[in-house]
Amino acid sequence: MLRDYQQRTIDQLYAWFEAGHAGNPCLVLPTGSGKSHIVAALCKDALQNWPSTRILMLTHVKELIEQNAEKMRQHWPGAPMGIYSASIGKRDLGEPITFAGIQSVRSKADLLGHIDLVIVDECHLVNHKDEGGYRKLLADLKKINPALRVVGLTATPYRLGHGLITDKPALFDALIEPVSIEELVFKGYLATLRSKVTKAKLDTSGVHKRGGEFIESELQAAVDTDDQNQAVVQEVISLAGDRKAWLFFCTGVQHAQHVAQVLQQHGIAAECVTGETPKREREQMLSDFKAGKLRALTNANVLTTGFDYPDIDLIAMLRPTMSASLYVQMAGRGMRVKSHTDHCLVLDFAGVVETHGPITAVQPPKKGGDGDGEAPVKVCDDCGELVHISAKVCPSCGAPFPEPEKKKLELRNVDIMGMEGKDFEVTSWNWRRHISKASGNLMLACTYYGSLSDKPITEYLPVLNDGYAGQMALQKLVAIAEKCGADLSGISRLEGSEALDYIVIQMGKAQPPDAIEYRMDGKFYKVVRRTWHETQGA
């Protein structure tokens with residue numbers, strides 16, 4: 001049985017196709033939303049309605065292939081499916097559904113033959129340009145079947161240096177976003193994250209970037225020092241309390257190994273997992289971690305996708321990154337619902353929360369990188385000569401350049417879930433009808449006014465919308481009306497714009513809150529609390 005938002009995802013996908021759109025859509029689903037269940041239901045529905053359909057499910061790591069295939073068996077026992085993956089040791093073809101690793105089939109379009117639907121998990125890894133393994137295979141399959149359609153799945157629909165995965169040139173043409181992290185947390189399907197300010201702070205000053213991301217060798221050299229590793233581990237131990245499953249994200253193999261060694265020195269049962277760890281040894285480590293025999297795992301670039309252990313209750317981020325996608329993937333490891341607590345503690349020694357913002361409002365990277373890399377030249381103040389950025393002495397006049405000022409990474413108390421807000425004292429409010437510029441939909445808008453020096457705060461309530469957004473907006477409106485004493489009893493007789501006009505009149509007569517607490521949600525404001533006469537508000 002699918003959850004409501006999982007069925008909504010399939011319904012919205014079908015609606016997109018039925019609307020006559022050409023091209024390939026991408027389903028944006030938060031980590032932990034159960035993408036594999038959605039894939040299983042979609043495959044089953046397609047084959048039962050169109051029995052001749054042939055489906056190829058692609059991803060890049062064997063763990064995801066195995067997870068997706070297992071969920072298919074759970075959802076549809078006896079499903080006509082096969083697995084083609086060298087890393088798993090299976091090469092099954094001929095069934096209507098094939099789960100495959102891209103490395104194993106990238107040059108085997110002729111062997112796969114006619115495919116009607118390709119589903120790509122973690123599709124943000126597909127190259128923007130018409131190159132790479134995914135693009136080659138899809139182009140070859142398209143030659144065999146020009147009517148081929150591709151559906152992507154990802155929690156992070158953007159790539160560092162390229163922007164959204166729908167920005168041209170790109171394989172995907174539209175993003176379908178049926179559910180948000182907030183909804184999943186609200187309904188109890190995801191656990192929350194809590195973040196704390198750390199005393200130890202990893203300094204990235206002097207570390208260069210390539211392609212918008214820190215150069216790993218330089219980053220590891222800057223971060224992986226005995227003093228810093230000791231400080232980080234000691235602070236983790238002091239803040240962890242009785243938390244039982246700690247996951248460390250490190251900058252590279254040596255860094256991960258060194259942090260594991262320091263943990264062991266302090267009596268913590270810990271091991272290090274890297275891409276170089278032999279398969280059986282790695283599987284044993286992960287099994288011991290899940291069984292509670294290990295309290296901590298350190299890793300370098302291997303446990304961001306395809307690894308799910310719900311009871312992870314502490315994440316230590318020791319890996320500075322300009323990649324919003326990597327940030328969300330790391331944080332997502334702690335959002336599964338747990339057996340022993342309602343949240344996961346995130347200790348952000350690397351400043352990634354401050355860099356990218358709350359995971360509920362991450363902004364996609366700009367095209368061509370983030371634009372804040374170091375300039376390749378600098379100017380001599382004495383003679384005006386343009387010289388390379390690395391020069392310590394001007395080659396023209398001999399004047400020494402001052403030592404570059406170190407950038408201190410100041411970690412403020414950034415709320416990783418985006419739930420904390422700013423206080424705003426209210427003097428009055430104004431309710432009105434509003435037409436969305438993006439969708440053209442009618443909705444309510446409420447503007448809160450403070451002192452003359454305060455910028456007004458406006459929130460939008462799409463109470464006429466279908467689905468979750470409309471339900472939540474209506475619930476919020478009812479809660480506000482109860483607190484402020486507005487009489488909305490006559491709304492049941494009205495519809496559409498007449499209902500909005502009635503609400504505007506009734507709310508305009510009511511008492512505004514004395515104060516609100518708000519935060520940014522993308523480019524809009526979200527009011528998270530309203531207070532009347534020093535009592536807790538809606």
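The structure contained in this document is the topic of the report that follows. Treat the numbers as computed from the prediction; the structure is a model and nothing was measured.

### A short note on the overall build of the chain
- A tally of regular secondary structure across the chain gives 15 helices and 26 strands.
- Rg of the C-alpha trace for the chain: 26 Å, near the compact-globule value of 24 Å for 538 residues, within the 12% margin.
- C-alpha atoms of the chain, sized along the principal axes, occupy 70 × 70 × 55 Å.
- A total of 538 residues make up the chain; the buried ones form 50% of that total.

### Brief notes about the packing of aromatic side chains
- Evaluation of the coordinates by the stated rule reveals nine aromatic pairs.
- Considering the side-chain rings of Tyr460 and Phe524, the 6.0 Å spacing of their centres and the 80° angle between planes classify their relative orientation as edge-to-face. Here the residue Tyr460 occupies a position in strand β24 (residues 457–461), and Phe524 occupies one in strand β26 (residues 524–531), the gap between them amounting to 64 residues.
- The exposure class assigned to Tyr460 is partly exposed, which follows from its relative accessible area of 30%.
- Given the relative accessible area of 43%, Phe524 is considered partly exposed.
- Members of the aromatic cluster, connected to one another through ring pairs, are Phe289, Phe307 and Tyr309.

### Quick notes on a negative patch on the surface
- Residues Asp423, Glu425, Asp454 and Asp514 make up a contiguous surface patch of negative charge.
- Locating Glu425 in the fold gives a position in strand β21 (residues 422–425).
- We classify Glu425 as exposed; its relative accessible area is 64%.

### Let's talk about the pattern of salt bridges
- Tallying each qualifying case throughout the model produces 21 salt bridges.
- Between Lys187 and Asp4 there is a salt bridge whose closest N-O contact spans 2.6 Å. With Lys187 in the loop between α7 (181–186) and β11 (192–196) and Asp4 in helix α1 (residues 4–18), this residue pair connects regions lying 183 residues apart in the sequence.
- The partner of Asp173 in a salt bridge is Lys168, with the nearest N and O atoms 2.9 Å apart.

### A short note on helix α12 (residues 324–332)
- Most of α12 sits inside the fold, with nine of its nine residues counted as buried.
- Among all positions of α12, only Ala324, Ser325, Leu326, Tyr327, Val328, Gln329, Met330, Ala331 and Gly332 are buried.
- On its buried side, α12 packs onto β8 (158–159), β11, β14 (246–249), β17 (314–317) and α13 (352–356).

Rules used throughout
- Residues numbered from 1 in each chain as written.
- Predicted model: local features only at pLDDT ≥ 70, side-chain atom pairs only at ≥ 80, totals over all residues.
- Heavy atoms only, no water.
- Helix = DSSP H or I, 4+ residues; strand = E, 2+ residues; numbered from the N terminus.
- Rg over C-alpha atoms; globule rule 2.2 N^0.38 Å.
- Buried < 20%, exposed > 50% of the residue type's maximum accessible area, 1.4 Å probe, protein only.
- Phe/Tyr/Trp six-rings, centres within 6.5 Å; stacked < 30°, edge-to-face > 60°.
- Patch = residues over 30% accessible without salt bridge, like charges linked within 9 Å, V, L, I, M, F, W, Y side chains within 5 Å.
- Areas by Shrake-Rupley, 256 points an atom, 1.4 Å probe, with all protein chains shown as cover.
- Salt bridge = Lys/Arg side-chain N within 4 Å of Asp/Glu carboxyl O.
- Lys, Arg positive; Asp, Glu negative; His and termini not counted.
- Charge placed at Lys NZ, Arg CZ, Asp CG, Glu CD.
- Contact = heavy atoms within 4.5 Å.

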